[in-house]
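Report on the structure
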Amino acid sequence: MADEKVMDNTVVYDDEALAAEYKAKRQMQIEEDLKKPFDPECVLEVRHLRKTFPLKKTITGKVTKELVAVDDVSFKLHAGETLGIVGESGCGKTTTGRAILKLHQPSAGQIIFNGQDITNFNSKQMREIRKEMQIIFQDPYSSLPPRDTVGGLLSEPVQVHKIVPKNQVKNYVLELMDKCGLRDYYFERYPHEFSGGQRQRICIARALSVNPKLVICDEPVSALDVSIQAQIINLLKKLQREMNLAYVFISHDLSVVKFISDKILVMYLGAVMEFGTKEDIFQNPMHPYTKALFSAVPNPDPTVKMERIKLEGDIPSPANPPKGCRFHTRCPYATEKCKHVTPEYREHTPGHYAACHLLEQE
Ligand code: SF4
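Notes on the structure in this doc start here. Every value quoted in this text rests on a predicted model; they were computed, and no experiment measured them. (Residues numbered from 1 in each chain as written. Predicted model: local features only at pLDDT ≥ 70, side-chain atom pairs only at ≥ 80, totals over all residues.)

Neighbouring the ligand are 13 residues; Cys 325, His 328, Cys 331, Cys 338 and Cys 356 lie closest to it. For the shell around the ligand, the residue count by class is 10 nonpolar, three polar and no charged. (Near = placed C-beta within 6 Å. Nonpolar A, V, L, I, M, F, W, Y, C, P; charged D, E, K, R; others polar.)

Given below as structure tokens:
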């Protein structure tokens, strides 16, 4: 490599030149990918999504320091499929979900929903497609307005988006409640009368009341008791089958992700470390971060010997990510090269992507 020099048998890296080389190469790849035709079979296609937040500005408003919350995230999602996004706190998974829904305007990249590039849609255009993209939040306690009855909460979006004629709204809502495991007499009750699991059922019913194609599930079961979690996950799976829904399932609970996902995206400090099918990620993880993360998932088979890989150190600040491989400060296999050269994120086997120098040596 032109930006490496060998001096006294040690390689000296020119960090600035390496960063510039990596940036130029990546920019070329991004420009090429963004010109490609959309995949008509996908409900959602995310290409090189980037989201930054300003940290420091001059008095003229020029941004001098920014936090890169999501850096170059790409994936495709079909109807009836679930993509699990995993990673530790602050890895950018929630920001990715919000940027897809344009609750945060993406800083770069493309979001293609149902064959349309919605990246630069204005609020009026978004309002028209909003009903097809819904979100279920983590906290069912704060997601529901307390002053309306369950019937009122569920009827409102149905009426606003004119899903059924006015005189059929109540029957439609009662059917939906039945599908979501809610008794019909709950119609007149208020959210505070329900437990966490029942409230999350109401939130799910509300999201599905407008017949969406895509649902972003942002840690939908982490605030619930373990016994209730299983019921909600089973309900989400049942509704997915019945309505052919595509889910983006954001969670730090890897057992839940394993159960519900078809594909998995592993994020660290805003960037994708590995992406593949559930089988790829659980049976043949390639990236050291994925291996460490998934070594913590309990195996129900007592004959399987579990070897837990412990990650040392704290997660670095996303405002100041490490140079080279951003995982190098915690990676047990890090070499000098990892501290300076950013590994290329590429496809190693069909549909299985990862970014690690160790994989280049194989
Ligand atoms: Fe670890 Fe280096 Fe691979 Fe990064 S590139 S994951 S630091 S071995």
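And the narrative resumes.
The subject of this paragraph is the pairing of strand 3 (residues 42–57). Two elements, strand 3 and strand 4 (residues 63–78), share 12 bridges in a ladder whose sense is antiparallel. Within the sheet, the bridge partner assigned to Glu 45 lies in strand 4 and is Lys 76. One ladder, built from five bridges, connects strand 3 with strand 6 (residues 108–113); its direction is antiparallel. For Glu 45, the partnering residue across the bridge sits in strand 6 and is Ile 112. (Pairing = 2+ DSSP bridges. Helix = DSSP H or I, 4+ residues; strand = E, 2+ residues; numbered from the N terminus.)

Each α-helix winds once per 3.6 residues, and so residues spaced three or four apart point in a common direction. Over its 18 residues, helix 7 (residues 226–243) runs 26 Å from end to end, which matches the ideal 26 Å to within 8%, given 1.5 Å per residue. By the burial criterion, the buried members of helix 7 are Gln 229, Ile 232, Ile 233, Leu 236 and Leu 239. For helix 7, the angular spread of buried residues about the axis comes to 125°, placing them on one side. In helix 7, the exposed positions that point more than 90 degrees away from the buried face belong to Ser 227, Arg 241 and Glu 242. Contacts from the buried residues of helix 7 go to helix 5 (169–179), helix 6 (196–208), strand 9 (214–218) and helix 8 (254–260). Phi turns positive one or two residues past the end of helix 7, at Asn 244, with a value near 55°. (Expected span 1.5 Å × (residues − 1). Buried ≥ 20, exposed ≤ 12 C-beta atoms within 10 Å, placed from the backbone. Arc of directions from axis to C-beta. Contact = placed C-beta atoms within 7 Å.)

Another aspect to go through is the environment of Asn 120. With respect to the helices, strands and loops of the structure, Asn 120 is situated in the loop between strand 7 (116–117) and helix 3 (123–130). Once the C-alpha coordinates of Asn 120 and Pro 106 are considered, the two residues, 14 residues apart in sequence, prove to be 8.6 Å apart.

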